[in-house]
Amino acid sequence: MEEMNNRMPTEAEEARFWALIEQAWADVGTEAQNARRVLRERNLLDDQDPHCDQDMYVVDPFLDTFLAKLRARSVDFTREELADLDRVLERKLYDIDRADIHAVTDGSDDGFLYARGFIVAAGHAFYQAVVADPRVAVLDGDCEAMCYFFAHLHNERFGDYPDTGSGICRESGNNAMGWAD
């Protein structure tokens, strides 16, 4: 039996997580999908200040609607399903808890957590783009509600927070490999 203090998300759990994110964005509509594409594909020239990009905040007007759609798709999930989704979310936030990404997003410990919430909320393609090139991240991006989305929904439905069994913490500065230098 796998030890519960370092349980990793399965491929199926990760696939379900990202599919759910994409379905919620699809529910928001074409304009939101186009905004996400613009954000992900904006021009990042080596000599350009990435903080002067007018397209950095193009997704912001759609975040509240996205979160409402994500909630509508998740509200009837079981205790186990919500815990599985929270484990994936926790891992995704942890994996991008890196100094090179923080250098682009800026912010306090909480601010960096919310910036990482934005990166995850923007979807799998944006997340992967930031992992590959931190310059794609957004200065002061903020989606605080995403950071504990499934944990809060679990608590709302079942009166407690899920035990993900991962043994990690999503709070900023906890991924030692991301802050090795």
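Details of the structure are given in the entry above.
Residues numbered from 1 in each chain as written. Predicted model: local features only at pLDDT ≥ 70, side-chain atom pairs only at ≥ 80, totals over all residues. Heavy atoms only, no water.

Asker: I tried to follow the packing of helix 1 (residues 11–28) against helix 3 (residues 63–74) on my own but got confused; where do I start?
Answerer: Pairs of packed helices are described in terms of their axes, by the angle between the two and the distance that separates them. Across the interface, helix 1 lies against helix 3 with an axial gap of 8 Å and an inter-helix angle of 120°. As far as their axial angle goes, helix 3 and helix 1 are oblique. Two packed elements cross with a definite hand, and for helix 1 against helix 3 that hand is right-handed. In this structure, helix 1 contributes Leu20, Ile21, Gln23, Ala24, Trp25, Asp27 and Val28 to the contact, and helix 3 contributes Leu63, Thr65, Phe66, Lys69, Leu70, Arg73 and Ser74. (Axes fitted to C-alpha atoms, helices over the stretch in contact; angles between N-to-C directions. Helix = DSSP H or I, 4+ residues; strand = E, 2+ residues; numbered from the N terminus. Parallel < 35°, antiparallel > 145°, perpendicular 65-115°, else oblique. Left-handed = near helix turned anticlockwise from the far one by under 90°. Contact = heavy atoms within 4.5 Å.)

Asker: How should the nonpolar core be read in this particular structure?
Answerer: Counting residues in hydrophobic clusters, the biggest one holds 48 residues, and the most contacted among them are Phe17, Phe66, Met146 and Phe150. Beyond its immediate stretch of four places on either side in the chain, phenylalanine 66 contacts Ile21, Ala24, Trp25, Val28, Ala121 and Met146. (Core = buried A, V, L, I, M, F, W, Y, C linked by side-chain atoms within 4.5 Å. Buried < 20%, exposed > 50% of the residue type's maximum accessible area, 1.4 Å probe, protein only.)

Asker: I would appreciate a short explanation of the environment of glycine 123 in the present structure.
Answerer: Mapped onto the secondary structure, glycine 123 falls in the loop between helix 6 (109–121) and helix 7 (124–132). Given the relative accessible area of 0%, glycine 123 is considered buried. Sequence separation between glycine 123 and methionine 8 is 115 residues, and the spatial gap between their C-alpha atoms is 20 Å.

Asker: Sorry, what's going on with the environment of aspartate 181 here?
Answerer: Along the chain, aspartate 181 falls in the segment after helix 9 (149–158). For aspartate 181, a relative accessible area of 97% translates into the label exposed. Taking the C-alpha atoms as reference, aspartate 181 lies 38 Å from arginine 71; in sequence the two are 110 residues apart.

Asker: Would you mind going over the packing of aromatic side chains with me for this structure?
Answerer: Aromatic ring pairs: the centre-centre distance and the angle between the two ring planes describe each pair. Per the stated rule, a full pass over the model turns up seven aromatic pairs. Note on tryptophan 18 and tyrosine 127: the rings are 5.4 Å apart at their centroids and 50° apart in plane angle, and the pair reads as tilted. Of this pair, tryptophan 18 sits in helix 1 while tyrosine 127 sits in helix 7, and the two are 109 residues apart along the sequence. For tyrosine 127, a relative accessible area of 3% translates into the label buried. An aromatic cluster is defined as three or more aromatic residues linked by ring pairs; in this entry it consists of Phe17, Trp18, Tyr127, Phe149 and Phe150. Just above the ring of phenylalanine 77 sits the side chain of arginine 16; from NZ or CZ to the centre is 4.5 Å. Arginine 116 extends its terminal NZ or CZ atom over the ring of phenylalanine 112, reaching a point 4.9 Å from the ring centre. (Phe/Tyr/Trp six-rings, centres within 6.5 Å; stacked < 30°, edge-to-face > 60°. Lys NZ or Arg CZ within 6 Å of the ring centre and 35° of its normal.)

Asker: Would you mind showing me how to read the side chain of glutamate 13 here?
Answerer: Relative to the assigned elements, glutamate 13 resides in helix 1. On the accessibility criterion, glutamate 13 (11% relative accessible area) is buried. Once residues lying within four places of it in the same chain are set aside, the contact partners of glutamate 13 are Arg7, Met8, Asp84, Arg87 and Val88.

Asker: Any chance you could explain the pattern of salt bridges here in plain terms?
Answerer: Two side chains carrying opposite charge are able to pair once their charged atoms lie near each other. The full count for this structure, using the stated rule, is 17 salt bridges. Residues glutamate 22 and arginine 36 are paired through a salt bridge, measuring 2.8 Å at the closest nitrogen-oxygen approach. Placement of glutamate 22 in helix 1 and of arginine 36 in helix 2 (residues 30–41) is noted, with a sequence separation of 14 residues between them. Judged by relative accessible area, which is 28%, glutamate 22 ranks as partly exposed. One salt bridge in this structure joins aspartate 100 and arginine 98, with 2.8 Å as the shortest N-O distance. When salt bridges that share partners are traced, they join Arg7, Glu13, Asp84 and Arg87 into one network. (Salt bridge = Lys/Arg side-chain N within 4 Å of Asp/Glu carboxyl O.)

Asker: I tried to follow unusual backbone geometry on my own but got confused; where do I start?
Answerer: With the exception of glycine, the majority of residues adopt a negative phi angle, and the majority of peptide bonds are in the trans configuration. In this structure, aspartate 106 takes a positive phi of about 65° despite not being glycine. Note on aspartate 106: relative accessible area 41%, which makes it partly exposed. In this structure, aspartate 140 is a non-glycine residue whose phi angle is positive, near 55°. Tracing the backbone shows aspartate 140 in the loop between helix 7 and helix 8 (144–147). Since its relative accessible area comes to 47%, aspartate 140 is described here as partly exposed.

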